[in-house]
Amino acid sequence: MQSWRRKSLWLALSASWLLVLLRVFPLLRLAVPTRPWAGAPQGWPRWLDAELLPHFSQPGELPKDDLQPPRGPRGGSCDWGSCFDVSKCRGGRLKVFVQPVAGPISDAHRGILASIESSRYHSVSPDEACLLLGLEAPAGECSPVPPQWNGGRNHLVLSLHPAFCPQTFQLGQAMVAKAGPTVDTFRPGFDVALPLLPEAHPLRGGAPGQLGQHSPHPGVPLLALAEERGGWRTAGADSSACPWDGRCEQDRGPEQTHPGATLPNATFCLIPGHGPDALHFLQALQAGCIPVLLSPRWELPFSEVIDWTKAAIVADERLLFQVLTALQEMPPTRVLALRQQTQFLWDAYFSSVEKVIHTTLEIIQDRIFGASAHPSLLWNSPPGALLALPTFSTSPLDFPFYHLQRGSRPTGRFSALIWVGDPGQPPLNLIQAVAGSQHCAQILVLWSSEKPPPLRWPKTAVPLTVLAGQRKASDRFLPHTAISTDAILSLDAHSSLTTSEVDFAFVVWQSFPERMVGFLTWSHFWDEARGGWGYTAERANEFSMVLTSAAFYHRYYHTLLTHSLPEALRTLADEAPTCADILMNFLVAAVTKLPPIKTPGGPESQPPAQDCINQMAAEFGSMPLVSSRLRLDPVLFKDPVSVLRKKYRSLEKP
Amino acid sequence: MFTLPQEESRALAPCPGPASTQDLDSNYGDGLERERSRKPDRKLPELCDSTTMLSSDSSYLSSRGRVIKWFWDSAEEGYRTYHMDEYDEDKNPSEWEEEAACVIMCASVKYNIRGPALIPRMKTKHRIYYVTLFSIVLLGLIATGMFQFWPHSIESSSDWNVEKRSVRDVPVVRLPADSPIPERGDLSCRMHTCFDVYRCGFNPKNKIKVYIYSLKKYVDDSGVPVSNTISREYNELLTAISDSDYYTDDINRACLFVPSIDVLNQNTLRIKETAQALAQLSRWDRGTNHLLFNMLPGGPPDYNTALDVPRDRALLAGGGFSTWTYRQGYDVSIPVYSPLSAEVDLPEKGPGPRRYFLLSSQMAVHPEYREDLEALQAKHGESVLVLDKCTNLSEGVLSVHKRCREHQVFDYPQVLQEAIFCVVLRGARLGQAVLSDVLRAGCVPVVIADSYILPFSEVLDWKRASVVVPEEKMSDVYGILQSIPQRQIEEMQRQKWSSVSNPLFLPLIPPQSQGFTAIVLTYDRVESLFRVITEVSKVPSLSKLLVVWNNQNKNPPEDSLWPKIRVPLKVVRTAENKLSNRFFPYDEIETEAVLAIDDDIIMLTSDELQFGYEVWREFPDRLVGYPGRLHLWDHEMNKWKYESEWTNEVSMVLTGAAFYHKYFNYLYTYKMPGDIKNWVDAHMNCEDIAMNFLVANVTGKAVIKVTPRKKFKCPECTAIDGLSLDQTHMVERSECINKFASVFGTMPLKVVEHRADPVLYKDDFPEKLKSFPNIGSL
């Protein structure tokens, strides 16, 4: 009995346990907030009646709304359309008049004035100007309301330095170009954000970027931190988890302190975002150190046109640790691209006061142009918008710079531009040699001699046009409308070239359309004895200029030389033909930062007659010329192989 | 001055990936302070590359899924810049859950084991008592289980799949009249002031996580609905979010919250009550991290350009923002969705001439503007077409699909494909649905709407795909468009840029002082290797020599046997005999310039090598090599052919001796398209052709051949056995070119006719005055 009872009890117990197990396990499973079974995430429901739902607007609804009059701007705030009168800019061209400043002006002001006067936008009369520019007075003094203020309409108040006079006069509808404006007061598309420049920022030219190589050197520290007093503190890669002042005092081992305003030597530069710390920002750009801005409260300079995502990193200061990890793990491709972009931006827009001023005006000109302004690509890739004039074209492929970037090469043929000076001898042999080239599209003779041009010209396979010159050396670099091709072969009447030399040089130019490709070379050197630059026509192992008496280059350089260089430089070039040669070489080198290319052939070179290289260097603010040690020859040039194999065999004649 | 391995390297990973370099590091670490070894395979997703803007195609604005994708990409970019990495300080809640679940399970298992063992030890009386009690409890449990959990568990099992219910069945929420209303939108909001990044901590793969509130129906005190429950478009939008990687169903892990309250069209909702509904959301918290979608903001008479519903700190993705209401870097401007073009399939249309130059298709245009348009039409005749709504349509024809000019009837949106430029004129609202139609039709939009923030303007460069004309210039619009060069119009029509993004785009001539690193790949030809080392060490700009020992069965010679040279010499042993080992980005490479050189190239003179380095400095983004080769199109066979004849053209250089930037080693090892890298290793051939393809493809530039050198001859190599072997070799090389061209999808190699020689090469000039007098031939 007992045992039966016990057995039955045990049975009941086991049965109950079985039930418990059966019941409780599914319950437990339910108790765990379910990860759904693999492959079927719980999401927004698929409504059975999704197809029956109403549209968010009925087709008839919109037109009814649309019969409202267009609205004007609201009071108080300004944007480009409402507060700037574009119609005052005749022909869509920006003309700037600088308001005279009462009292003595500082050096910085003088610099700004000079750079505006040197720009192509300067106007001497307030009546023909469509932008009146007011300079913010030096710190401490506040200027009175200028004449012709007109509520600030079509005015630009420029303040390069942070000591901005508060409420000098009611700014009203005036645009403000100010260093490091705070995000809250900045009016995008209307105000212009400037970089905060150091006191001793060079007026012109400016220091080149410090980047010596594309990729970071393996030994270089990962981070440099901007310090409050100025200067940088570098942190090794290992200590990067604890880099910030006051956050991690105990770990200061591998860090070094660099007092003073040295440039940071690191891959990334951490810059706190509280104040407009643009000094550090510019230093980082110059050094090729990728700026990492921690929650900046100020608008990045020229943010309207510069795509800062390609050159800097804006991060949230609240997530410092994550930022550091991300920087450490950033793929080399991105580091490489960011580094190069910092350098390009520094050289293109920030390295001198003149560039900053010109960029500001260029932005406003772009707003006036509207549809025919610089595309973003022109602003954000070398050589930059200041050197790619939108008046020439807005299509990148019309410029010489973007072909190689896009893997394309200019098609078409070339125009030979022959300059005939005194004694006015028609260059008949040269014409025949050039016209014999399969790539020649037209021949233009620029007659710049006292003698009248002959009435009869030899019959050529290509059209020949005679242009009347003004008998000035810079004539040859005018953007003549008769030039119909991208490539120009610039020639002097006394040059002598063979058809084969011309053919080969043109094919080479197609591979390097942004450079000058020539036959005769000069080289420049630093003359210790005279303490200045010198140049020589002697044959040497390297060269830095090719003579425009026989050279291929892109026709855009005619436009650039005529419209963007200061008048003083062109006058200099008119004084002597050699100066014109040097000017063209300076210009192309300043734009491309690359040496010209020499191909075999050409006559003996003339020794330079007059020294203008030092004046040019002074006007440019630096020496842009770059030396090369190579010559591009045909692949089988002077090789001991059968002449029949060679395409350019007549090049090899002694 | 050189270091050699002290011990055999450990068993290395099968491929010489990053792990093996680390091993090498640890083995050959010679007291030199090592850089933190990078792990190239562990990488952040690259930020959205703005060069690919607008790249996909014109129809991206038409499909809502893509709109969402665009939105998220742009939002994510903004987000990523703020939030650079995962936030992993807190424990991931899913781990907590798993742990909690485990504790429960383990506890019950323990109880199971102990239970029966405990009972027999009790006294029988007590035992009966306990057992009875237990049974009753058990029965109760079963009963509750039957009644409570049974039906529920059936439902919840189907819950695990996507729910299928009717919108009409959603729960109703009654909003009391005095429930709180959020503050109006705060115009000064920026990411660092109004956005809580700490909520975005749980984001594996650096994706923000988005939570969607479940759908409710909101009614006021008297039971009148606050708005339409949900529109078809908003439903599709939420579905797209839910289907994306960004979606999370866990409110605790979410970084962004999307209310299911539909505010796409302000006309269909009651402003105050909708605001109240927003305020009672469970995580509302002044709208922090909440995202609202709105396409038609404002209402008569003043038509605000942003949603009028008070929304405090919530982010707004809105159509029709103006510069006055748009919070830069915080709000997102989205296109106004057009239901029309989604219904009609438009064929793809390439760039080229069209029937009309300028077309205006909007039906409701302000009379002043219509006058301007009509004037344009009168002046320019056939090339301008101004359409209006049709008044004389027969019954049953959908008037929204027709546009008329006098009595001529046109199909809309098909007619948009007939024009080069299409006017997008503002109405009372700035955002116009016609923009979506126009883009989808491949017409270039001419946007005439002052102060309008174009959709996704933070990431898209609209200048590339549209023309923006001030309202004031409306009457000059024809002239403005005429002045745009044809080439640019075609680029706009294409709406994309086929640019190669050269990774070394900055014109920069590296300083000569940096020098180059020579990398010699060797197997076992020690004698020849030593000669190469001796020869190369004579080059002035050599800064380091790296020997890649590719033979696993044989140890490199002992330290003392190696030639003594003036620069550091390092030996790297590889795990496998692979050709790609020569292009591995070894940490030992400290210079930018790399000279890859075979262990049998002894004929190159010191002058030739030094000159090659100088040429590389002028062309640091190119392959600079000695013997050149050419690819040709074989018209008979209809495929590419490898050419080693001495021709006038060059498109490749051999990497038996070539200078290049060390970055290309990284690209070769980690970014080589397709299976090319493995294919080369398997075939033990064509690594040089692969390198030529890679560099040309990424830079778009040709190689530079240096000096007359046409072939490498090695004295130790016996003449190749007859012509047949040579033939096989050529066939194999041709196969490589065809294989690579198909993997790259294009033929990237560029043909040039020049080579680089020293300035005075073979000139009539005293040899001793030349910098590089000793240039070998052929």
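As the structure is a computational prediction, the values presented were derived from the model and not from experiment. (Residues numbered from 1 in each chain as written. Chains lettered and ligands numbered in written order. Predicted model: local features only at pLDDT ≥ 70, side-chain atom pairs only at ≥ 80, totals over all residues. Heavy atoms only, no water.)

> I'm lost on the overall build of chain B in this one. Help?
If you tally the helices and strands in chain B, you get 18 helices and 26 strands. Counting all 778 residues of chain B, 58% fall into the buried class. Accessible area for chain B stands at about 33100 Å²; split by element, carbon and sulfur atoms hold 53% of it. (Helix = DSSP H or I, 4+ residues; strand = E, 2+ residues; numbered from the N terminus. Buried < 20%, exposed > 50% of the residue type's maximum accessible area, 1.4 Å probe, protein only. Areas by Shrake-Rupley, 256 points an atom, 1.4 Å probe, with all protein chains shown as cover.)

> Help me understand the overall build of chain A in this model?
What chain A contains, in helices and strands, is 15 helices and 23 strands. Looking at chain A as a whole, 58% of its 654 residues qualify as buried. Excluding contacts between residues fewer than 6 apart, the proportion of contacts in chain A whose partners are at least 24 apart in sequence is 69%. Of the roughly 26400 Å² of accessible surface on chain A, 56% is carried by carbon and sulfur atoms. (Contact = heavy atoms within 4.5 Å.)

> Please explain the confidence of the model for chain A as it appears in this structure.
For chain A, per-residue confidence averages 81 on the pLDDT scale, and 83% of positions sit at 70 or higher. The low-confidence segment residues 29–41 of chain A (pLDDT under 50) makes 17 contacts with residues lying over four places distant or belonging to another chain. (pLDDT = per-residue confidence, 0-100.)

> Help me understand the packing of helix α12 (residues 556–564) of chain A against helix α14 (residues 577–592) of chain A in this model?
Residues and elements named next belong to chain A. It is the contact of α12 with α14, at a shortest axis distance of 11 Å, that shows an interaxial angle of 100°. The angle between α12 and α14 falls in the class roughly perpendicular. Here Tyr557, His558, Leu560 and Leu561 of α12 come into contact with α14, specifically with Leu583, Met584, Leu587, Val588, Val591 and Thr592. Residue composition of the contact of α12 with α14, by class: eight nonpolar, two polar and no charged. (Axes fitted to C-alpha atoms, helices over the stretch in contact; angles between N-to-C directions. Parallel < 35°, antiparallel > 145°, perpendicular 65-115°, else oblique. Nonpolar A, V, L, I, M, F, W, Y, C, P; charged D, E, K, R; others polar.)

> Before we go on, may I ask you to explain the nonpolar core in this structure?
For soluble globular proteins, nonpolar side chains are generally found buried alongside one another. Within the largest apolar cluster, 78 residues are counted, with the highest numbers of intra-cluster contacts made by Phe414 and Ile443 of chain A together with Leu545 of chain B. Here the element with the most residues in this core is helix α11 (residues 499–511) of chain A; it accounts for seven residues. Counting residues in each nonpolar core, the second largest holds 71 residues, with Cys255, Tyr337, Val424 and Ala441 of chain B among its members. (Core = buried A, V, L, I, M, F, W, Y, C linked by side-chain atoms within 4.5 Å.)

> Just checking my understanding: could you explain the sheet that holds strand β5 (residues 175–179) of chain A for this structure?
Backbone hydrogen bonds hold the strands of a sheet together, and the pairing may be parallel or antiparallel. All names here are of chain A. Strand order in the open sheet formed by five strands is β2-β3-β4-β5-β6, and the pairing between neighbours is parallel. Across the chains shown, the open sheet's two edge strands, defined by having one partner strand only, are β2 (96–98) and β6 (192–194). Shown here is a sheet whose adjacent strand axes are inclined to one another by a mean of 20°, direction ignored. Here β2 runs beside strand β3 (residues 131–135); their pairing, made up of three bridges, is parallel. Looking at the pairing, Val96 lines up with Leu131 of β3. Of the strands in this sheet, β2, β3 and β4 (155–159) touch helix α4 (residues 107–117), which is tilted by about 165° from β3. (Pairing = 2+ DSSP bridges.)

> Can you walk me through the pairing of strand β21 (residues 628–634) of chain B in this structure?
Working note: regular strand, side chains alternate between the two faces of the sheet. Residue and element names in this part refer to chain B. Burial runs high along β21: five of the seven residues are buried. Sheet topology note: the β21/strand β23 (residues 652–653) ladder contains two bridges and is antiparallel. By the bridge assignment, Gly628 is partnered in β23 with Val653. Hairpin connection of β21 to strand β22 (residues 639–643): four residues between the antiparallel strands, including Asn638 at a positive phi of 60°.

> Help me out: how do you make sense of helix α7 (residues 271–279) of chain B in this one?
For an α-helix, the turn length of 3.6 residues means that residues three or four places apart are oriented alike. All names here are of chain B. With seven of its nine residues buried, α7 lies for the most part within the structure. For α7, the full list of buried residues reads Glu273, Thr274, Ala275, Gln276, Ala277, Leu278 and Ala279. On the buried face of α7, the contacting elements are β4 (217–219) and β6 (291–294).

> Can you help me understand the domain arrangement of chain B in this one?
Size of an interface: often given as the accessible area lost when the parts come together. Residue and element names in this part refer to chain B. The assigned domain composition of chain B is domain 1 (165–334), domain 2 (341–496) and domain 3 (512–711 + 723–756). Inter-centroid distance (C-alpha atoms) of domain 1 to domain 2 is 32 Å. Taken together, the 18 residues of domain 1 in the interface contact 12 residues of domain 2. Carbon and sulfur atoms make up 59% of the surface buried where domain 1 meets domain 2, a total of about 1200 Å² over both sides. On the domain 1 side of the interface with domain 2, the three residues burying the most area are Tyr303, Tyr326 and Ser333, jointly 35% of the side's total. At the junction of domain 1 with domain 2, the criterion picks out zero salt bridges. On the surface where domain 1 and domain 2 come into contact, there are seven residue pairs in polar contact (both at pLDDT 80 or more). Here the residues of the side of domain 1 that touches domain 2 sort into eight nonpolar, nine polar and one charged. (Domains from an automatic or database assignment. Buried area = accessible area lost by both parts, 1.4 Å probe. Salt bridge = Lys/Arg side-chain N within 4 Å of Asp/Glu carboxyl O. Polar contact = N/O pair within 3.5 Å; in protein donor to acceptor, adjacent residues only side chain to side chain.)

> So what exactly am I meant to see when it comes to the packing of aromatic side chains here?
Scanning all chains against the criterion turns up 50 aromatic pairs over all chains. By way of ring pairs, the aromatic residues Phe392, Phe399, Phe401, Tyr402, Tyr556 and Tyr557 of chain A are connected into one cluster. Between the NZ or CZ atom of Arg403 of chain B and the centre of the ring of Tyr412 of chain B, over which it lies, the distance is 3.9 Å. A cation over a ring is seen here: Arg582 of chain B above Phe583 of chain B, with NZ or CZ 5.8 Å from the ring centre. (Phe/Tyr/Trp six-rings, centres within 6.5 Å; stacked < 30°, edge-to-face > 60°. Lys NZ or Arg CZ within 6 Å of the ring centre and 35° of its normal.)

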